[in-house]
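Below are the chains, spelled out letter by letter.
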Amino acid sequence: MTYAFAGALTGLVRGRFGRRGFRAVSGRHRLQLPAALRTDRAYDAVGIAERHGPGVMALLPRAGCVLTGAGCWWWIVPPHSDVGVDWPAPAVYAAGAMVTGPPGRRTGPTGRAEPGVVHWPGDGEPYTHPLLLHIAICAAAGVSPAWPGDERMRRS
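Let me begin by describing the structure that accompanies this report. Every value quoted in this text rests on a predicted model; they were computed, and no experiment measured them. (Residues numbered from 1 in each chain as written. Predicted model: local features only at pLDDT ≥ 70, side-chain atom pairs only at ≥ 80, totals over all residues. Heavy atoms only, no water.)

**Notes on the overall build of the protein chain**
- Of the regular secondary structure elements, the protein chain holds four helices and seven strands.
- Starting at the N terminus, the α and β elements of the protein chain follow one another as α-β-β-α-β-β-β-β-β-α-α.
- For the protein chain, buried positions account for 37% of its 156 residues.
- Long-range pairs, those at least 24 residues apart, make up 72% of the contacts in the protein chain between residues at least 6 apart in sequence. (Helix = DSSP H or I, 4+ residues; strand = E, 2+ residues; numbered from the N terminus. Buried < 20%, exposed > 50% of the residue type's maximum accessible area, 1.4 Å probe, protein only. Contact = heavy atoms within 4.5 Å.)

As structure tokens, then:
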């Protein structure tokens, strides 16, 4: 199996082909964790416009690493946190933490480009719990959390 085919299958399974189709987007880069939080574990990211970031943060009992870049606040979540969760329209789910736009501002002591850090987790664990983040984003957006099986449960 070729890598391109394997990547296409992953996109299909995780719903990336959707209505808009699959296409490469220029200007994409991976959100990089700060050096002290780097890990060999994979991660995804959930972004929301900067203006909504503080409201979402205030609703979370605990947040992992939160980065800023391209006009969004990005919460680092475990991989596949989009499976079984319908993220509301104001949120952007970035599989593999691949985002569009310029990298974060220069914050590193060496002057190299690193993402802007909004929140540093006290325990060193980079992940934010995805379900709690989902509920906080829904509350900030003024929508009820929607789960993929909701319609089936209402019809029974």
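**Quick look at the side chain of Ser81**
- Mapped onto the secondary structure, Ser81 falls in the loop between strand 4 (72–77) and strand 5 (92–94).
- Residues contacting Ser81, with those up to four places away along its chain left out, are Asp44, Trp87, Tyr93 and Pro130.

**Observations regarding the environment of Ala49**
- When you line up the elements, Ala49 lands in strand 2 (residues 44–49).
- With 42 residues separating them along the chain, Ala49 and Ala91 place their C-alpha atoms 7.9 Å apart.
- In this structure Ala49 touches Gly71 and Cys72, once residues within four positions along its chain are discounted.

**Details of the packing of aromatic side chains**
- Tallying each qualifying case throughout the model produces two aromatic pairs.
- Ring geometry for Trp73 and Trp75: centres 6.2 Å apart, planes at 55°, overall tilted. Neither residue differs from the other here; Trp73 and Trp75 are each classed as buried.
- The positively charged end of Arg30 is found above the aromatic ring belonging to Tyr43, 4.1 Å away from the centroid. (Phe/Tyr/Trp six-rings, centres within 6.5 Å; stacked < 30°, edge-to-face > 60°. Lys NZ or Arg CZ within 6 Å of the ring centre and 35° of its normal.)

**Regarding the sheet that holds strand 7 (residues 116–119)**
- If you trace the five strands from one edge of the open sheet to the other, you get 5-2-4-3-7, paired in antiparallel fashion. Each edge of the open sheet is held by one strand with a lone partner, namely strand 5 and strand 7. Strand after strand, the sheet turns through a mean of 30° between neighbouring axes, direction not considered.
- Where strand 2 lies against strand 5, three bridges are found, and the strand directions are antiparallel. What sits directly across from Val46, in strand 5, is Tyr93. (Pairing = 2+ DSSP bridges. Axes fitted to C-alpha atoms, helices over the stretch in contact; angles between N-to-C directions.)

**Structural notes on the environment of Val99**
- Residue placement: Val99 occurs in strand 6 (residues 98–100).
- With 72 residues separating them in the primary sequence, Val99 and Gly27 have C-alpha atoms 8.4 Å apart.
- Beyond its immediate chain neighbours, meaning those up to four positions away, Val99 contacts Gly27, Arg28, His29, Leu31, Trp74 and Ala94.

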